[in-house]
Protein chains: 2
Amino acid sequence: MTSDPGAVGAARFPEGALARFSINQRTVKQLSLPELAEECGRLGITGVGLWREPVQEYGVEKAARLVRDAGLEVTSLCRGGFFTESDPDGRRRALDDNRAALDEAATLGTGTLVLVSGGLPEGSRDLAGARERVAEALAELGPYARERGVRLAVEPLHPMFASDRCVVSTLAQALDLAERFPADEVGVVVDTYHLWWDDRAPEQIARAGAGGRIAAFQLADWITPLPEGVLLGRGQLGDGCVDLRGFRELADAAGHEGPVEVEIFNEDLWARDGAEVLAETAERYVRHALD
Amino acid sequence: MTSDPGAVGAARFPEGALARFSINQRTVKQLSLPELAEECGRLGITGVGLWREPVQEYGVEKAARLVRDAGLEVTSLCRGGFFTESDPDGRRRALDDNRAALDEAATLGTGTLVLVSGGLPEGSRDLAGARERVAEALAELGPYARERGVRLAVEPLHPMFASDRCVVSTLAQALDLAERFPADEVGVVVDTYHLWWDDRAPEQIARAGAGGRIAAFQLADWITPLPEGVLLGRGQLGDGCVDLRGFRELADAAGHEGPVEVEIFNEDLWARDGAEVLAETAERYVRHALD
């Protein structure tokens, strides 16, 4: 589908339509943090999901002031995790890095650190063992997170990432992990891009909601063909085959009242004007995810 | 990993090591049917999985004679399916084509027609509806298949194919579909490439075996990065992270005594000498899947 910036620019969002909308920074990574804050202000967007690297580059304290002064809520920080290394040095480094990420999340004022668990170590075929190391890391980090008022949010990633990025592939698995810990220490991320294909997703979203485990709810659409490496193949809302409204309704029905964050990694979107993509994304959200 | 044709050519397979081994024709599609039959004879391979297009090109009756004369068992025919069209004309064409595929399977003397269910119709977001149309097609084709001594084998494909190729993404889903019908009409395909990531796979393989539903058991390895379009990204046995031996043991424990078919779609393998790839594949099977 082609974009229609004219129509987007002219869009009038109905009163309150963007009340729960949050833009994940990576969706419009061509915008600097000050540009992002300014464009959010212009459009009436009040939530942003941030990424550690651009925040560190800008300065964590400075970024915290910027978003606070702009009246923006930081709905999540991406990302911690990568817990599956089996050698002790690698594991210690990963835990240290996650403590730093929790500090940064606290400074930014967000209660959610998104975790991408990590893939299989080089040469390993032991998925169950790797998943167990994720649980061990959660046990170690949970109290540190709680002290800072930040929740560890285990994100199941699409099974196509199981070997190289995340051994937690379904919401059921993420909940099996999270439920070993108190709900205010460990939650889960419900992301339509990763879960849309799973016929168990509806029941698992209900389970996540009932247990107070939905730490973040994210939207992206599924489009094909997937690009080489598959990481940057996410679709703009409405361009693909995910029933976004249906998933938003499932999350709502499960008791999720928090932000709905849009996180899309897509080279075509990154090649365009960031302000235009942001406005388009908000418009697509209203059209495809709201009532 | 690099291949070592010298070592492969010199390999002596232990007595009986290839007794259950079957080579899916697509793995070495650079070989013509007569070349494939000849190379199988040379290596002591007694099972082949065939594909409709090259068989049709060669002539179905002629292919049946060729494999019979070569002492080869046809372990499966790929593929029928593509049942998810919603318009009546498309559905009728799909059913007609599947009846033709069942006739071809019977002529070739195989009891297994592998089904790739089909993806979402253009513009559709209704996964559940598409899955229901698969069930309707199975109901319609079941008796026709049974009369010909051929079983419909529902293959769950990796969730990354859910939108464009196969709305049946897990073995549990495939069994939910198959179990609506008699076990001699509808079975399932257990393929490590599609199922390796799923923590429910072991219990579902046991379920499939207990119900007499394992119509085919196939091996391929999982490697990354995935290529554009992801279809041709399968790995040679041993090159990736799948516990092939573990899966073969699970299938055995579930009562599967039939062929172990290797089906790999990989441009690099296709670019090489077909006889060399066939020998390498047999050697990898012995090394990575046998006791």
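For the structure itself, consult the block above.
So, a few notes on the structure that sits alongside this text. All values derive from a computational prediction rather than experimental measurement.

1. Observations concerning the overall build of chain A
- Tallying secondary structure elements over chain A gives twelve helices and ten strands in all.
- A globule of 291 residues ought to have a C-alpha radius of gyration of about 19 Å, and chain A, at 18 Å, matches this closely.
- Here the C-alpha coordinates of chain A stretch approximately 55 × 40 × 35 Å along the principal axes.
- Out of the 291 residues belonging to chain A, those deemed buried represent 60%.
- Residue pairs in contact within chain A that sit at least 24 positions apart in sequence constitute 82% of those at least 6 positions apart.
- Of the accessible surface of chain A, which amounts to about 11,000 Å², a share of 47% is contributed by carbon and sulfur atoms.

2. Notes on the sheet that holds strand β7 (residues 214-219) of chain A
All names here are of chain A.
- Taken in spatial order, the eight strands close into a barrel running β1-β2-β3-β4-β5-β6-β7-β10, and their pairing is parallel. Adjacent strand axes in the sheet meet at a mean angle of 30° when their direction is disregarded.
- Sheet analysis places strand β3 (residues 73-81) next to strand β4 (residues 112-116), joined by four bridges and oriented parallel. Paired with Gly81 across the strands is Val116, a residue of β4.
- Sitting on the sheet, helix α7 (residues 171-178) is in contact with β5 (151-154) and β6 (186-191), with an inclination near 170° to β6.

3. Some thoughts on the relation of the copies chain A and chain B
- Note on the identical chains: chain A maps onto chain B by a rotation of 180° and an axial translation of 0.0 Å, with an RMSD of 0.0 Å. Here the copies are linked by what is in effect a two-fold axis. Considering only C-alpha atoms, the part of chain A nearest the rotation axis is Glu228(A), at 1.9 Å.
- Residue by residue, 100% of the interface of chain A is reproduced at the interface of chain B, so both copies engage with the same surface.

4. Brief notes about the packing of aromatic side chains
- The full count for this structure, using the stated rule, is nine aromatic pairs over all chains.
- A ring pair is formed by Phe21(A) and Tyr285(A), whose centres lie 4.9 Å apart and whose planes are at 50°; its orientation type is tilted. Residue Phe21(A) is found in strand β1 (residues 21-24), and its partner Tyr285(A) is found in helix α12 (residues 274-288); the two are separated by 264 residues along the sequence.
- For Phe21(A), a relative accessible area of 1% corresponds to the buried category.
- Residue class for Tyr285(A) comes out buried when judged on its relative accessible area of 2%.
- Ring geometry for Tyr193(B) against Trp222(B): centres 4.9 Å apart, planes inclined by 35°, an arrangement best described as tilted. Linking Tyr193(B) in helix α8 (residues 192-195) with Trp222(B) in strand β8 (residues 221-222), this pair joins segments that are 29 residues apart in sequence. The exposure classification of Tyr193(B) matches that of Trp222(B), with both residues buried.
- Each member of the aromatic cluster is reached from another via a ring pair, and the members are Tyr193(A), Trp196(A) and Trp222(A).
- One residue, Arg26(B), lies across the ring of Trp51(B), its end atom 4.6 Å from the ring centre.

What counts as what
- Throughout this description, residue numbers start from 1 for each chain and increase along the sequence as written.
- As a convention, the first chain written is A and the first ligand written is 1, with the rest following in written order.
- For a predicted model such as this one, the threshold for reporting local features is a pLDDT of at least 70, and the threshold for listing and counting side-chain atom pairs is 80 or more; totals across whole chains, interfaces and linings nevertheless cover every residue.
- Note that water and hydrogens are dropped before the side-chain values are worked out from all heavy atoms of the structure.
- Secondary structure counts use DSSP, requiring at least four H or I residues in a row for a helix and at least two E residues in a row for a strand, with both numbered from the N terminus.
- Atoms considered for the radius of gyration are the C-alpha atoms alone. The globule rule reads 2.2 Å times the number of residues to the power 0.38.
- A simple rule labels every residue: compare its accessible area, found with a 1.4 Å probe on the protein chains alone, to the largest value its type can have, and call it buried under 20%, exposed over 50%, or partly exposed in between.
- Throughout, a contact is declared for two residues whenever any of their heavy atoms are within 4.5 Å.
- Using a 1.4 Å probe, the Shrake-Rupley method yields the accessible areas, and only the shown protein chains count as cover for residues.
- Should DSSP find at least two bridges between two strands, the strands are regarded as paired.
- Convention adopted: a line fitted to C-alpha atoms gives each axis, helices being fitted over their contacting stretch, and angles between N-to-C directions are expressed from 0 to 180 degrees.
- Residues reaching a pLDDT of at least 70 in both copies supply the C-alpha atoms on which the copies are superposed by least squares.
- Pairing of aromatic side chains requires ring centres within 6.5 Å, counting the rings of Phe and Tyr and the six-membered ring of Trp. Pairs whose planes differ by under 30 degrees are stacked, by over 60 edge-to-face, and all others tilted.
- A ring is considered to have a charge above it if a Lys NZ or an Arg CZ atom is located within 6 Å of its centre and within 35 degrees of its normal.

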